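Examination of the molecular architecture
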Amino acid sequence: EPEVTQTPSHQVTQMGQEVILRCVPISNHLYFYWYRQILGQKVEFLVSFYNNEISEKSEIFDDQFSVERPDGSNFTLKIRSTKLEDSAMYFCASRAGQAYNEQFFGPGTRLTVL
Amino acid sequence: GQNIDQPTEMTATEGAIVQINCTYQTSGFNGLFWYQQHAGEAPTFLSYNVLDGLEEKGRFSSFLSRSKGYSYLLLKELQMKDSASYLCAVSPRAGFQKLVFGTGTRLLVSP
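So, here's what we can say about the structure. (Residues numbered from 1 in each chain as written. Chains lettered and ligands numbered in written order. Predicted model: local features only at pLDDT ≥ 70, side-chain atom pairs only at ≥ 80, totals over all residues. Heavy atoms only, no water.)

1. Considerations on the overall build of chain B
Put simply, the rule is: Elements are defined by DSSP. Helices are runs of H or I of four residues or more, strands are runs of E of two residues or more, and each kind is numbered from the N terminus. Throughout, the radius of gyration refers to the C-alpha atoms, and the reference size of a globule is 2.2 Å times the residue count to the power 0.38. For each residue, the accessible area found with a 1.4 Å probe, counting protein chains only, is set against the maximum for its type, and the residue is called buried under 20%, exposed over 50%, and partly exposed in between. Exposure was quantified through the Shrake-Rupley algorithm and a 1.4 Å probe, taking into account, for residues, occlusion by the shown protein chains and nothing else. In summary, the charge assignment counts Lys and Arg as positive and Asp and Glu as negative, without counting His or the chain termini. Charge positions are represented by NZ for Lys, CZ for Arg, CG for Asp and CD for Glu.
A count of helical and extended segments in chain B gives zero helices and 11 strands. For chain B, the α and β elements follow one another from N to C terminus as β-β-β-β-β-β-β-β-β-β-β. Here the C-alpha radius of gyration of chain B, 13 Å, is about what a compact globule of 111 residues would show, namely 13 Å. Projected onto its principal axes, the C-alpha positions of chain B cover 40 × 30 × 20 Å. Of all 111 residues assigned to chain B, the portion counted as buried reaches 48%. Element-wise, carbon and sulfur atoms account for 51% of the exposed surface of chain B, whose accessible area totals about 5200 Å². Here chain B carries 9 positive and 9 negative side-chain charges, and the mean point of each set is 8 Å from the other.

2. Some points on the side chain of B:Ser62
Residue and element names in this part refer to chain B. We count it as follows: Counting of polar contacts relies on pairs of N or O atoms within 3.5 Å, with two restrictions inside protein: one atom must be capable of donating a hydrogen and the other of accepting it, and residues adjacent in sequence are counted only when both atoms are side-chain atoms. Every residue pair with non-hydrogen atoms within 4.5 Å of one another is taken to be in contact.
Mapped onto the secondary structure, Ser 62 falls in strand E7 (residues 60-65). Given a relative accessible area of 0%, Ser 62 falls into the buried group. Of the polar contacts made by the side chain of Ser 62, one reaches the side chain of Ser 47; its length is 3.1 Å. Here Asn 49 takes part through its side chain, which lies 2.6 Å from a polar atom of the side chain of Ser 62. Leave out the neighbours within four places in its chain, and Ser 62 touches Trp 34, Ser 47, Asn 49, Gly 53, Leu 54, Glu 55, Tyr 72 and Leu 73.

Put into structure tokens, the structure is as follows:
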């Protein structure tokens, strides 16, 4: 069964460093998302991406964040200068198309900022 | 604004039935989703309701009342592996369809 994959599973970084979180969505899916979940809190929407551009972003997704689909398979989230409060689990999700509602989530990357 | 409320925690016994409620107030509505999330894992899709009524899928059913801003997830014949968090999420509008999640209900199933 196709699945969303994410690497790395766990990333530890120093405050102020840049991190890139990687995702491979399900092949042929058209809509891509990043969510985050701070430990013990709810899942929060960060950004949606369609047709090679951002379609919607939340207030959390400020200038420190960027997304990219550099080729036909990868979808990345970059945080330019990490802060302590960026520590969270980051989930990538993909959706097949307009007629399909289910978003498939990847296993997540646990980001720890020291 | 967006507000989605669920009970924080529920307990139930193996073999029993449990109902997890969700109320929502969102700026728009294009469907309500239920996801299951085991600790440290990704959310997995359980159900989707966009019209009023009951959707049944095996041991799991989900109900929606749009006029009341209310949904519930019904789990029958509970098994130990059903111990997890259950997340209610609303898609406020059609199109790119971001999901707005509630805080989740942690369900503990005991023998």
